[in-house]
Amino acid sequence: METVSTNTAHGGVQGVYKHASKETGTDMTFSVFVPPHTQGAKLPVVWYLSGLTCTHANVTEKGEFRKRCAELGLIFVAPDTSPRGEDVADDADKAYDFGLGAGFYVDATEEPFAKHYRMWSYVTEELPKLIAENFPADMDRQSIMGHSMGGHGALTIGLTFPERYKAVSAFAPIVAPSQVPWGHKALPGYLGDDKAKWRKHDAVALIEDGARVDALLVDQGEADNFLAEQLKPQLLEKACTDAGIDLTLRMQPGYDHSYYFISTFMDDHLSWHAKRFG
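- With an unreviewed UniProt entry as reference, the protein chain is termed S-formylglutathione hydrolase, source organism Fulvimarina manganoxydans.
- Quoted verbatim from the Function (unreviewed entry) field of the UniProt record, the comment on the protein chain reads "Serine hydrolase involved in the detoxification of formaldehyde."

1. Details of the overall build of the protein chain
Next up, step 1: Counting its secondary structure elements, the protein chain contains nine helices and nine strands.
Next up, step 2: Relative to the compact-globule value of 19 Å for 278 residues, the protein chain shows a C-alpha radius of gyration of 17 Å, a close match.
Next up, step 3: In terms of principal-axis extent, the alpha carbons of the protein chain reach across some 50 × 45 × 35 Å.
Next up, step 4: Within the protein chain, buried positions represent 60% of all 278 residues.
Next up, step 5: Considering only contacts within the protein chain whose residues lie at least 6 apart along the sequence, 72% involve residues at least 24 apart.

2. A few points about the side chain of Arg 66
Next up, step 1: Examined against the element boundaries, Arg 66 turns out to sit in helix α2 (residues 66-72).
Next up, step 2: An unpaired buried charge is present at Arg 66: no salt bridge exists, and Glu 61, the closest side chain of opposite charge, is 8.5 Å distant.
Next up, step 3: Among the polar contacts listed, one links the side chain of Arg 66 to the side chain of Gln 14, at a separation of 2.8 Å.
Next up, step 4: In contact with Arg 66, other than residues within four places in its own chain, are Ala 9, His 10, Gln 14, Phe 33 and Thr 60.

3. As for the UniProt feature "active site" (unreviewed entry) in the protein chain
Next up, step 1: UniProt feature "active site" (unreviewed entry): in the numbering of this structure it lies at Ser 148, Asp 224 and His 257. Considering the C-alpha atoms alone, the annotated residues occupy 110 residues of sequence yet fold into one spot, their largest mutual distance being 10.9 Å.
Next up, step 2: Considering the arrangement of structural elements, one finds Ser 148 in the loop between β6 (137-147) and α4 (149-160).
Next up, step 3: Beyond its immediate sequence surroundings of up to four residues, Ser 148 is in contact with Gly 51, Phe 171, Ala 172, Pro 173, Ile 174, Trp 182 and His 257.
Next up, step 4: Assessed through its relative accessible area of 13%, His 257 is described here as buried.
Next up, step 5: Here His 257 is in contact with His 147, Ser 148, Ala 172, Asp 224, Asn 225, Phe 226 and Leu 231, once residues within four sequence places are set aside.

4. Some words on a negative patch on the surface
Next up, step 1: Taken together, the side chains of Glu 110, Glu 111, Asp 193 and Asp 194 make up a negatively charged region of the molecular surface.
Next up, step 2: In this structure, Asp 194 sits in the loop between α5 (181-191) and α6 (203-208).
Next up, step 3: On the basis of relative accessible area, Asp 194 is assigned to the partly exposed category, the value being 39%.

5. A short note on the pattern of salt bridges
Next up, step 1: Under the counting rule described, the total for this entry stands at 16 salt bridges.
Next up, step 2: One salt bridge connects Lys 238 with Asp 242, and the closest N-O pair in it is separated by 2.7 Å. One end of the pair is Lys 238 and the other is Asp 242, both in helix α8 (residues 233-243) and four residues apart, which spans about a single turn.
Next up, step 3: Within this structure, Glu 23, Asp 107 and Arg 118 form a network of salt bridges that share partners.

6. Details of the sheet that holds strand β4 (residues 43-49)
Next up, step 1: Here we have nine strands laid out as an open sheet, ordered β1-β2-β3-β5-β4-β6-β7-β8-β9, and mixed in their pairing. The strands lining the two open edges of the sheet, one partner per strand, are β1 (2-9) and β9 (246-252). Direction aside, neighbouring strands of the sheet carry axes that sit 20° apart on average.
Next up, step 2: Here β1 runs beside strand β2 (residues 12-20); their pairing, made up of seven bridges, is antiparallel. Bridge pairing in β2 places Thr 6 opposite Gly 15.
Next up, step 3: Its contacts with the sheet place α4 against β4, β6, β7 (165-171) and β8 (215-221), and it is angled at close to 140° to β6.

7. Brief notes about helix α3 (residues 119-134)
Next up, step 1: Most pronounced at Leu 127, the bend in α3 amounts to some 35°, and the proline Pro 128 follows within four residues.
Next up, step 2: For α3, the full list of buried residues reads Met 119, Trp 120, Ser 121, Tyr 122, Val 123, Thr 124, Glu 126, Leu 127, Pro 128, Leu 130 and Ile 131.

8. Some words on α4
Next up, step 1: Taking 1.5 Å of rise per residue, twelve residues should cover 16 Å, and α4 covers 17 Å from first to last C-alpha, within 8% of that figure.
Next up, step 2: Judged by how many residues are buried, α4 sits mostly within the fold: eleven of twelve residues are covered.
Next up, step 3: Three or more residues of α4 are buried, namely Met 149, Gly 150, Gly 151, His 152, Gly 153, Ala 154, Leu 155, Thr 156, Ile 157, Gly 158 and Leu 159.

9. Quick word on the state of the cysteines
Next up, step 1: Under the criterion given, the structure shown has zero disulfides.
Next up, step 2: With no disulfide partner, Cys 69 has as its closest neighbouring cysteine sulfur the one in Cys 54, 18 Å distant.
Next up, step 3: Taking the relative accessible area as the measure of exposure, Cys 69 reaches 0% and is therefore buried.

10. As for the packing of α3 against α4
Next up, step 1: Following both chains from N to C, one finds α3 and α4 inclined at 55°, their axes separated by 12 Å at the closest point. In terms of orientation, α3 and α4 fall into the oblique class. In this structure, α3 meets α4 at a crossing whose hand is right-handed. Mapping the contact onto sequence places Trp 120, Val 123 and Thr 124 in α3 and Thr 156, Ile 157 and Thr 160 in α4.

Rules used throughout
Numbering of residues starts from 1 in each chain and follows the order in which that chain's sequence is written. Given that the model is predicted, a residue must reach a pLDDT of at least 70 before its local features are reported, and side-chain atom pairs must reach 80 or more before they are shown or counted; all residues, however, enter totals for whole chains, interfaces and linings. Side-chain measures were taken over the full set of non-hydrogen atoms in the model, leaving aside hydrogen atoms and water. UniProt positions are given in the numbering used here, feature names are shortened, and annotations may be inferred rather than shown by experiment. We count a stretch as a helix when DSSP gives it H or I for four or more residues in a row; a strand needs E for two or more, and each element gets its number in order from the N terminus. Note that the radius of gyration is over C-alpha atoms, with the globule rule given as 2.2 Å times the number of residues to the power 0.38. Any residue under 20% of the maximum accessible area for its type is buried, any over 50% is exposed, and the rest in between are partly exposed; the area is computed with a 1.4 Å probe on protein chains only. Should any heavy atoms of two residues lie within 4.5 Å, those residues are considered in contact. The convention is simple: Lys and Arg are positive, Asp and Glu are negative, and His and the chain ends are not counted. We define a salt bridge as a side-chain nitrogen of Lys or Arg found within 4 Å of a carboxyl oxygen belonging to Asp or Glu. Pairing of N or O atoms within 3.5 Å defines a polar contact, subject to two protein rules: one partner must be a possible hydrogen donor and the other a possible acceptor, and residues neighboring in sequence count only if both atoms are side-chain atoms. Patch membership needs two things, relative accessible area over 30% and no salt bridge, and members are linked within 9 Å if like-charged or within 5 Å if nonpolar (Val, Leu, Ile, Met, Phe, Trp, Tyr). Per-residue and other accessible areas were derived by the Shrake-Rupley procedure at a 1.4 Å probe size, with only the shown protein chains allowed to occlude residues. For charged residues, the charge sits on one atom: NZ in Lys, CZ in Arg, CG in Asp, CD in Glu. Two strands pair if DSSP finds at least two bridges between them. With axes taken as lines fitted to C-alpha atoms, and helix axes fitted only over the stretch in contact, angles between N-to-C directions fall between 0 and 180 degrees. At any given residue, the bend is defined as the angle formed between two axes, one fitted to the seven residues that end at that position and one fitted to the seven that begin there. Working rule for helices: expected span equals 1.5 Å times residues minus one. Working definition: a disulfide is two cysteine sulfur atoms within 2.5 Å of each other. To sort the angles, those under 35 degrees are grouped as roughly parallel, those over 145 as roughly antiparallel, those from 65 to 115 as roughly perpendicular, and the leftovers as oblique. Each crossing gets its handedness from the near helix: less than a right angle anticlockwise from the far helix is left-handed, clockwise is right-handed.

Here it is in structure tokens:
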């Protein structure tokens, strides 16, 4: 693991790191904020998954999470959203919603994406091992959150591994990619045309198929221009109601899809996660 940069913030250390990933076959960059702590202490870990076109840098620079993480004693980890490099396949038209910057947190099985696009295994297996080995992380206390495509990733990963993540939340998540245009492009492109294979990467479908968590927190801006066509939080609301999952869905008047929205409610999410760590 190579240290790209470190900066002191709120008494802790904001670092950016790079390593050669076995899962993606590329170098991967991620950021970690470690709050001030006593020597030998092990701290809970909050994972943040970013959205379309983003890297680790978007939330690191705009998320405004460090002050609250320092107060609560939370490590904050932000991976990239896809593999990158000259040999990594991209969308033929260089579209923003597929290929580079748009890994959708799946392990691709379709060529030419299968070789490198293994973001599910990277986020759930490889990177957690690296974090455990190199940071004062209590891996028995992990939680996960994300934005948009990353909200989709946080929900599907949290629902798949409910014993691992003590809390799951999202900002403006893609809750049902099988039912919206972004998913209709990404899921067959990465996983093929068998819609049964899409269900493990669709939060609403996972809940319909029996996946459960105790509670979810979702914030959604009412002025989000993707709300009606791509995000459809009402589908998650219905699925959670039918399944008996305690969903807190907060529709926020005036807020859009940007980091102005995310940073406004970041403290609420971090506090919600910390409460569930105990």
